[in-house]
Amino acid sequence: MKLAIYDDNRLGAVDVEAATITPLTGPPGSADPDALGAGWWVRMCRDLHAGLVRPAAAGPPVPLRDVTLRAPVLNPGKVIACASNYAAHVAEMRDQVLTRTGMSTDSWLLDFDVFLKAPSSIVGPGIAIELPAEAVAAAQEVHHEAELALVIGRGGRDIPVGEAADHVLGYLIALDLTVRGKGDRSRRKSHPTFTPVGPWLTTADEVPDWAGLTIDLAVNGDRRQHVSTGDMLVGVPEIVSHASRVMGLQPGDLILTGAPPGVGPIHPGDTVDVVIDRLGSIRHPVVAECRPRS
Ligand code: MN
């Protein structure tokens, strides 16, 4: 099933071939358009995975073009991201850091670990990526990182690698946007709009092999990132197991699996396209920070 959240936070199932979305009757609370109104999405992640609920069609299919897709996650307790997880990206970052700073990277970046991004950085398909004014003023680059992401169904702590797949509800596309430079990594990756995800959540039963996917990212039509998920240094089961050990996992948690090689700067006026086969595509324009802070 391809679960989508659309319009005023409605739940739907996408039929890619027919290019339609069927409204679904979600769990109690899912008719509330206020994203803060209920933890219905998180509860659904848990109960759907456990087979306790089966969303039913609540109306006829409607053309996808007639709805606005939202981020296919709602109120995740955590957004967990992975440090560099492809050998070629580790190499390019090592070279860049050495060139710019002359510092040693022996103890930096090379040991796999997870970190947190603010859930408030999540936006859905099509939403403009805003480059923070202070980063632009400081001539800091904002880089794109196109990543395979997943949503946790059943939570847990100390999940063995061999059981990790049982905790993955489904997969989706994510962009992990990053201000390069000094400062805490979580802050540099948590600006509003810095975690675009979409276009929908493809349940794990439709992704028989997480290592058999291809990630493609293009900026203004020029391919910048192209990698097989099979080239990950640390695989999905190991990531889930590790995250469950160091911080525990809860239903609805979003995990980004790490950057492929080919990261690079984006600028106002750019258009970023990410495609992962089986999971769909997302497209985001890039703008200078435009919203008043409040
Ligand atoms: Mn990343």
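Every chain begins its residue count from 1, and numbering advances along the sequence as written. With pLDDT at 70 or above as the cut-off, local features in this predicted model cover only qualifying residues; side-chain atom pairs require 80 or more to be listed or tallied, and sums for whole chains, interfaces and linings still use all residues. Values shown for side chains rest on all heavy atoms present in the structure; no hydrogens or waters enter the calculation.

A. The arrangement of the side chain of D253 in detail. Segments assigned H or I by DSSP are reported as helices when at least four residues long, segments assigned E as strands when at least two residues long, and all are numbered from the N terminus. Following the sequence through the fold, D253 ends up in the loop between α5 (236–246) and β18 (254–256). Partly exposed residues are those whose accessible area sits between 20% and 50% of the maximum for their type, while under 20% is buried and over 50% is exposed, using a 1.4 Å probe and protein chains only. Judged by relative accessible area, which is 0%, D253 ranks as buried. Here a polar contact is taken to be a pair of N or O atoms separated by no more than 3.5 Å, where protein atoms must pair a possible hydrogen donor with a possible acceptor and residues adjacent in sequence count only if both atoms sit in side chains. In this structure the side chain of D253 is engaged in a polar contact, spanning 2.8 Å, whose partner is the side chain of K78. For D253, the side chain forms a polar contact with the main-chain nitrogen of Q250, separated by 2.9 Å.

B. Spotlight on the pattern of salt bridges. We count a salt bridge whenever a side-chain nitrogen from Lys or Arg sits within 4 Å of a carboxyl oxygen from Asp or Glu. By the definition in use, this model includes 10 salt bridges. In this structure, K189 and E145 form a salt bridge, with 3.3 Å as the shortest nitrogen-oxygen distance. Of the two residues, K189 sits in the loop between α4 (185–188) and β15 (195–203) while E145 sits in the loop between β11 (142–144) and β12 (146–152), which places them 44 residues apart along the sequence. For the residue pair K189 and E145, the accessibility class agrees, reading buried in each case. Two residues, D176 and K189, come together in a salt bridge whose shortest N-O distance is 2.7 Å. With D176 in the loop between β13 (168–175) and β14 (178–179) and K189 in the loop between α4 and β15, the pair connects residues that are 13 residues apart, well separated along the chain. Residue classification places D176 among the buried residues on the basis of a relative accessible area of 0%. Residues joined by salt bridges that share partners form a network here, namely K117, E145, D176, R180 and K189.

C. Broad picture of the sheet that holds β14. The pairing criterion for strands is at least two bridges between them, as found by DSSP. Strand order in the open sheet formed by 3 strands is β14-β11-β19, with antiparallel pairing between adjacent strands. What marks the edges here is a single partner per strand, and that holds for β14 and β19 (264–265). Note that β11 and β19 share 2 bridges and pair antiparallel. For H144, the partnering residue across the bridge sits in β19 and is G264.

D. Examining the packing of aromatic side chains more closely. Geometry of aromatic contacts follows a simple scheme: Phe, Tyr and Trp rings, the Trp one being its six-membered ring, pair when their centres are within 6.5 Å, and the pair is stacked under 30 degrees between planes, edge-to-face over 60, tilted otherwise. Per the counting criterion, the structure on display carries 1 aromatic pair. Ring centres of W40 and W41 lie 6.2 Å apart, and the angle between their planes is 90°; this geometry places the pair in the edge-to-face category. Of the residues examined, W40 reaches a relative accessible area of 1% and is grouped as buried. On the basis of relative accessible area, W41 is assigned to the buried category, the value being 0%. A ring is scored as having a charge over it whenever the NZ atom of a lysine or the CZ atom of an arginine sits within 6 Å of its centre and within 35 degrees of its normal. Positioned above the aromatic ring of F115 is the side chain of R185, whose terminal nitrogen or guanidinium carbon lies 4.2 Å from the ring centre.

E. Region of the structure containing helix α1 (residues 40–49). Along α1, the positions that sit buried rather than exposed are W40, W41, M44, C45, D47 and L48. The criterion used for residue contact is that any of the two residues' heavy atoms lie within 4.5 Å. Structurally, α1 contributes buried residues whose contacts are with β1 (2–6), β2 (10–15), β12, β13 and β15.

F. The nonpolar core, seen in detail. Remark: nonpolar core denotes a set of buried residues (Ala, Val, Leu, Ile, Met, Phe, Trp, Tyr, Cys) joined through side-chain atoms within 4.5 Å. Ranked by size, the top nonpolar core spans 42 residues in total, and within it L148, V240 and I266 carry the most contacts. Counting residues per element, the ones that place at least two in this core are β7 (79–82), β10 (129–131), β12, β13, β16 (214–219), α5, β20 (271–276) and β21 (280–288). Look past the residues within four positions of V240 in its chain and what remains in contact with it is L150, I152, I159, A164, V168, L249 and I255. Counting residues in hydrophobic clusters, the runner-up holds 26 residues, among them V79, L172, L254 and L256.

G. Just the coordination of the manganese ion, in detail. Taken together, E145 (OE), E147 (OE) and D176 (OD) make up the protein donors of the manganese ion, found 2.0 to 2.1 Å from the metal. Along the chain, the residues donating to the manganese ion fall in the pattern E-x1-E-x28-D. Judged by its relative accessible area of 4%, E145 is buried. On the basis of relative accessibility, which here comes to 0%, the residue E147 falls in the buried class. For Na, K and Ca the donor cut-off is 3.2 Å; for every other metal, N, O and S atoms count as donors within 2.8 Å. Water does not enter the count, which can leave sites looking incomplete.

H. Spotlight on the sheet that holds β10. What the 5 strands build is an open sheet, ordered β10-β21-β20-β16-β17; its pairing is mixed. In this open sheet, the two edge strands, each paired with only one partner strand, are β10 and β17 (222–228). For this sheet, the mean inter-axis angle between neighbouring strands, taken without regard to orientation, is 20°. Where β10 meets β21, 3 bridges bridge the pair, whose relative direction is parallel. Within β21, the residue paired with I129 across the bridge is V286. For every element, the axis is a line fit to its C-alpha atoms; helices are fit only across the contacting stretch, and the angle between N-to-C directions ranges from 0 to 180 degrees.

I. Structural context of unusual backbone geometry. With an omega of -10°, the peptide bond between G198 and P199 qualifies as cis. For P199, the position within the fold is in strand β15. In this model, D158 sits at a positive phi of 55°, which is unusual for a non-glycine residue. Here N220, not a glycine, exhibits a phi torsion of approximately 55°, which is positive. Classification of N220 by relative accessible area gives partly exposed; the value is 45%.

Remember, this is a structural readout, not a statement about activity or role.
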